Amino acid sequence: MRIPRARLLIVAAVVAMIVTAGAVAVFRLPLPQVTESAEPEAEAVPDSEASPDPLVMDVRPAKVVQGSEITVSAECRQGMATVVSQALSYSISLGESGRLATGTIELDSSVPPGVYEVRAKCAVDGRTGRATFEVVPPKGGIPPARGLSAVTRVTVTTLSRGAVQEEFRARSEEPESDINVRIAVTHEWRLRADDPDVTLLRTGAALTEPTDFVAERLGEVDPFSDGAYYPIEFDMPVLRSDPDSGQVVVTATGVGYSESGWEGDRIFRLTFWPPTPDGEVSRPATHDVTVTAPGLTLTGVTGVTPTALDRESLRFDGTRIARAVFGDGPSSSGYLAAAYLAGDLLGDVITDPDRPDLYASSLPWPVDAATGLLSFLALLIVAWTFARSLGAAWWRRWDNRFLMIWAVVLYAVLLQIWDLSLESVLFLSLLLLGCLPALVLTMAARRIGPPPWPGSTFTLLSIAAGLAGAVLTGSGLLLVTPVPWWVAVVLAVAAGATALRRLRPYAPAVAAVSLGAGVLLTARAAQGGLAPGYVALAMLAGLEVVVLVFGGLSVATGRWSTRTLLWSAAALIPLLGVSLTGVRSTFSPDRTTSEQLPSLLEWYVSSVLLLHFALLVVMLVLRLRRLGQVPAAVFLGEAYATMTLALFLSQVTPGFASDLTIVIMWGAVLWLLSGSSSRRAKNEPDITPEQHRSLVRALVGRRFARLALTDLLRQGRSRIATGEMSLAVFEKQRRTLLRASDDVTGPIDSDLALATAAGRTPWEAAVIAFGTGLVLSVPFTTARAIQTNSGEELLSVLATAAIAPLMCAIFGFFYPRVRGDQPLSKSLFLLLAAVVVTLPTHLYSLVITLTADPAAFSTPLPTPVEVVIGALLSMGNLAVVCLGLGLFWEWRLLRLADEPWGRVRSVRSARAVAAPLTAVVIAAGTAVTTALVNNAIAPLPTISETAQPTRQP
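Computed from a predicted model, the values in this text were never measured in an experiment.

Caption draft 1: Molecular detail of the overall build of the protein chain. Within the protein chain, the secondary structure is distributed over 27 helices and 24 strands. Across the 953 residues in the protein chain, those meeting the buried criterion constitute 43%. When the accessible surface of the protein chain is split by element, carbon and sulfur atoms take 62% of a total near 47,800 Å².

Pasting the structure below:
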């Protein structure tokens, strides 16, 4: 039906009026209030030594009261910088705001009045700068101290491993392996007999939390550790009356443990934080702090002027922030001490010009060029395998090419190929991610027709857009207007109601109203410097992924399924719950400030991309399942590439070893599935279950005939000589057995009966082989996982352990193509390929152990013997998995033919039981060695400068 042009103009005019009225109404709402300080800017102090083009910084306000906030800005490209200061206990990451890197820093109330320096370093170009601000007393001054005097003695002792274990054994605890320093603190402070704190101590006020009680009155001794750390815990303070002065002497003792480098390269860093000025507690009027470190040398002290110092001790006034460093080695102590004394705990801003860059290549240019070529080759193999896994038919469809163009553009935006700001990158990423559901649903409708519910693709997109608009409307109402947020629920219900048959024509209008209101409210909130919180973004991400799952899985399965939509929505709830745990402590659930928005959007984009990746893996697996339902899939290039790509995904950590492993994986799989077995399987007909049964029976008969023929030839001469058998009978039996042993009737040679798929689909065989490999590798993987100390190590262990089950899945899917004529011979070829695949990792570990500097690692390096033992254990596990799979496969093929396994592997033959006994012996040896060797198979330690994350408040 042709709609008159006049009616279209009237409708367009009405829509324009509604949009204009809505925009005017929304933008007349008051802006949300975002408090900002209006203090004058601090004068920037350029760091002329760091760069010829110093970084321009400013701090607002220039003067702040104790416990207030300051805003630091730096002119950095892409708005990324790190800030440190002596007044801070951790480094601060600045976010992008326009062309500046800005961030708000909350000062602790214990920071005493004085002038403090702030240093910043840009993340992109490495420029550094500095600025100052002043902390001033509050109005009315600092409350006077009620206490009299205090003396604090800190003793730092380097202990042996046995001494540490002995001290912890008394506490019924087991210390970390790298603990080597004991920090003992003793406080003695004097109070008047009528002081309120004396009454509190006598009545047991410090019984529950003695450490907090002491820190509030005397300050905190804060040692810095590279690794394991047990904080200083105080016992119950002890009171003693001084008869001469009539005062009360309070003594509190505490002990803590930490790690401080290795022998010959010790560095102990300590910060003393004075107590917060509070008139309700008895702070001492004078406080004398003494730090003693026997066997170590005082490297430096900042924040105070020492009242006394020598080689191993230091004394200073405890009313100021003081940082001190002790060490015994010149290699890294100078660099780390300089950074720590300036407030840069992790060396994020202050770097050593003589210290080599960890990311810069120090290899000769031929080796460096070969490494780059290897990385390019690995990337090319992965890209080609992924493109081939999609199939030629997939690439011939134009809509799929549009999807690939979308992926390339998104990848280029995220890699920042163009010189764009962080805000532009995030905006383009969000725009591209928002367009993806519409593109996927349109492709699905062109492929398999319109969805049966709600009747058309346009209606389904309208419902999704209406729900997204309801989420934006609800978050916008919370930000800019006192209108109850549940108004958005009405829009959500209206959008969902349009799925009903009678209301479907109204779906586009409801979507336009809901989405328009949400966009206008969000834009109004953005004018006030606010944006939706992480809850709204998580709901939008969940809605997008549900639509993608519905469309993508419908294409993968070849039909629309409402059950798929419901299951995807149910499975997404725990995934979003897990992803939200990382942002709950950093962002607000209902609103986000302009400074926090880039970080929150980065989390949103990364979470959505991770869900997209998981969805792509699921779709490829479902597509492989669909392809693997026919025997011809054994020779399909799409199936081969998909299985190989799954093997590549186990290399989650980029690096030289991973690149080399990917290249070797590609070559090993290609070698494993080529040769005479592959050529023979391609020319042979497909075997049905009935044919498999007859072939196995023929195989069993031929084997018995050959055994009987062997016995006849071995005993025939003696039996003829004794007259037990005539020559004619002997010749007749020989010919009969010879014909039986050479019988080749059937579709293929019966000797190859155990080299076929047994009439089962490749997908079924792949699932069974993967499960078998997974079960056989569980003990070894569990032993390795127990020995890990972090989530990163656990992920590396699981990725390495996944290689064996994935190789088993390739073995099962392409079983007729695998080299060899029998299950055990095929499993031996699989073992050889698996060993070659895992060998680069062990060789790389051995090279690192032999050539690397131990001081560059956060944990002690294993010895070469331990690395070799770890490699042998890993190969023993592969032998157990592969030999066990071969024996299981032999049993499975005989069971499918309704024949007992003893027909081909009898315990009465030493040759028949050799393989099972070998597998059992290797499994037992691997288990015993793994139990005896504690850390031999642990992953390599990480470089300390890159492994330590920026500490957050």
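Caption draft 2: How the structure looks around the packing of helix α21 (residues 762-786) against helix α23 (residues 803-813). Remark: α21 packs on α23, axes separated minimally by 7 Å, with the N-to-C direction vectors making an angle of 150°. Between α21 and α23, the angle falls in the class roughly antiparallel. Considering only the axes of α21 and α23, their crossing is right-handed. Contacts between α21 and α23 involve P762, W763, A765, A766, A769, F770, G773, L774 and S777 on the former and, on the latter, P805, L806, C808, A809, G812 and F813.

Caption draft 3: Highlighting the pairing of strand β8 (residues 114-122). Residues G114, Y116, V118, A120 and C122 point to one face of β8 and are all buried, whereas V115, E117, R119 and K121, pointing to the other face, are not buried. Of the pairings in the sheet, the one linking strand β5 (residues 81-85) to β8 comprises five bridges and is antiparallel in character. Note that in β8 the partner of S85 across the bridge is V118. Between the antiparallel neighbours β8 and strand β9 (residues 128-136) lie five residues, among them G126 with a positive phi of about 75°.

Caption draft 4: Region of the structure containing the pattern of salt bridges. Taken as a whole and judged by the stated rule, the model has twelve salt bridges. With a shortest N-O distance of 3.4 Å, R130 and E117 are connected by a salt bridge. Of this pair, R130 sits in strand β9 while E117 sits in strand β8, and the two are 13 residues apart along the sequence. Taking relative accessible area as the criterion, R130 reaches 18% and is therefore assigned buried. One salt bridge connects E899 with R697, and the closest N-O pair in it is separated by 3.4 Å. With E899 in the loop between α25 (864-896) and α26 (910-932) and R697 in helix α19 (residues 689-721), this residue pair connects regions lying 202 residues apart in the sequence. Assessed through its relative accessible area of 12%, E899 is described here as buried. Residues joined in a network through salt bridges with shared partners are E117, R119 and R130.

Caption draft 5: Representation of the nonpolar core in the model. In this structure, L647, L673, F813, F814 and W889 are the most contacted members of the largest nonpolar core, which totals 65 residues. The contact partners of F814, leaving out residues within four places of it in the chain, are A633, V634, A639, Y640, M643 and L673. Judged by nonpolar contacts, the second largest core, of 34 residues, contains A150, V154, V156 and L218.

Caption draft 6: The packing of aromatic side chains, seen in detail. Following the criterion strictly, the structure yields twelve aromatic pairs and no others. An aromatic cluster is present here, built from F811, Y815, F888, W889 and W891 joined pairwise through their rings. The side chain of R217 reaches across the aromatic face of F213, ending 3.7 Å from its centre. A cation sits over an aromatic face here: R323 above Y340, 5.7 Å from the ring centre.

Caption draft 7: The packing of α21 against α25, seen in detail. The N-to-C vectors of α21 and α25 enclose an angle of 140°; their axes lie 9 Å apart at closest approach. Viewed along their axes, α21 and α25 adopt a mutual orientation that is oblique. In the crossing of α21 with α25, the sense of the turn from one axis to the other is right-handed. Mapping the contact onto sequence places E764, A765, I768, A769, T772, G773, L776, S777 and F780 in α21 and L873, S874, N877, V880, V881, G884, L885, F888, W889 and R892 in α25. Residues that form the contact of α21 with α25 fall into these classes: eleven nonpolar, six polar and two charged.

Caption draft 8: Structural context of the side chain of S282. Take S282: it is sitting in the loop between β17 (265-273) and β18 (286-292). Reaching out from S282, the side chain makes a polar contact with the side chain of D195 at a distance of 2.5 Å. Dropping the residues within four chain positions of it, S282 is found in contact with R146, G147, W189, L191, D195, D197 and R217.

Caption draft 9: Fine view of α19. Here α19 contains 33 residues, and its C-alpha end-to-end distance of 48 Å stays within 8% of the 48 Å for a straight helix at 1.5 Å per residue. The principal kink in α19, of about 45°, is found at Q715. Turning to α19, its buried residues are H692, L695, V696, L699, V700, R702, A705, L709, L712 and G716. Directly after α19, the chain includes G723, whose backbone phi takes a positive value near 85°.

Caption draft 10: Molecular detail of the pairing of β18. Covered by surrounding structure in β18 are H287, V289 and V291 only, the residues T286, D288, T290 and T292 on the alternate face being uncovered. As judged from the seven bridges shared by strand β10 (residues 149-158) and β18, these two strands associate in the parallel manner. Paired with A150 across the two strands is H287, which belongs to β18. By the bridge criterion, five bridges tie β18 to strand β21 (residues 313-317) in an arrangement that is antiparallel. By the bridge assignment for β21, V289 is matched with F316.

Caption draft 11: The arrangement of the state of the cysteines in detail. Applying the stated rule across the entire model yields one disulfide. There is a disulfide in this structure between C76 and C122, and the S-S distance comes to 1.9 Å. Of note, the bridge from C76 to C122 carries an S-S torsion of about -75° and is left-handed in sense. Here C76 is found in the loop between β4 (69-74) and β5, whereas its partner C122 is found in strand β8, with 46 residues between them in sequence. Neither residue differs from the other here; C76 and C122 are each classed as buried.

Caption draft 12: Representation of a nonpolar patch on the surface within the structure. Together, L373, F376, L377 and L380 make up an exposed nonpolar region whose accessible area comes to about 400 Å². Here L373 shows up in helix α6 (residues 365-390). Exposure remark for L373: the relative accessible area of 57% places this residue in the exposed category.

Caption draft 13: Quick look at unusual backbone geometry. Across the junction of R60 and P61, the peptide omega takes the value -10°, indicating a cis bond. Positionally, P61 belongs in the loop between β2 (57-60) and β3 (63-65). The phi torsion at A758 lies on the positive side, around 60°, for a residue other than glycine. A relative accessible area of 1% means that A758 is categorised as buried. Backbone geometry places D898, a non-glycine residue, at a positive phi of 60°. Mapped onto the fold, D898 is located in the loop between α25 and α26.

The rules we used
Residues numbered from 1 in each chain as written. Predicted model: local features only at pLDDT ≥ 70, side-chain atom pairs only at ≥ 80, totals over all residues. Heavy atoms only, no water. Helix = DSSP H or I, 4+ residues; strand = E, 2+ residues; numbered from the N terminus. Buried < 20%, exposed > 50% of the residue type's maximum accessible area, 1.4 Å probe, protein only. Areas by Shrake-Rupley, 256 points an atom, 1.4 Å probe, with all protein chains shown as cover. Axes fitted to C-alpha atoms, helices over the stretch in contact; angles between N-to-C directions. Parallel < 35°, antiparallel > 145°, perpendicular 65-115°, else oblique. Left-handed = near helix turned anticlockwise from the far one by under 90°. Contact = heavy atoms within 4.5 Å. Pairing = 2+ DSSP bridges. Salt bridge = Lys/Arg side-chain N within 4 Å of Asp/Glu carboxyl O. Core = buried A, V, L, I, M, F, W, Y, C linked by side-chain atoms within 4.5 Å. Phe/Tyr/Trp six-rings, centres within 6.5 Å; stacked < 30°, edge-to-face > 60°. Lys NZ or Arg CZ within 6 Å of the ring centre and 35° of its normal. Nonpolar A, V, L, I, M, F, W, Y, C, P; charged D, E, K, R; others polar. Polar contact = N/O pair within 3.5 Å; in protein donor to acceptor, adjacent residues only side chain to side chain. Expected span 1.5 Å × (residues − 1). Bend = angle between axes of the 7 residues up to and from the residue. Disulfide = S-S within 2.5 Å. Patch = residues over 30% accessible without salt bridge, like charges linked within 9 Å, V, L, I, M, F, W, Y side chains within 5 Å.

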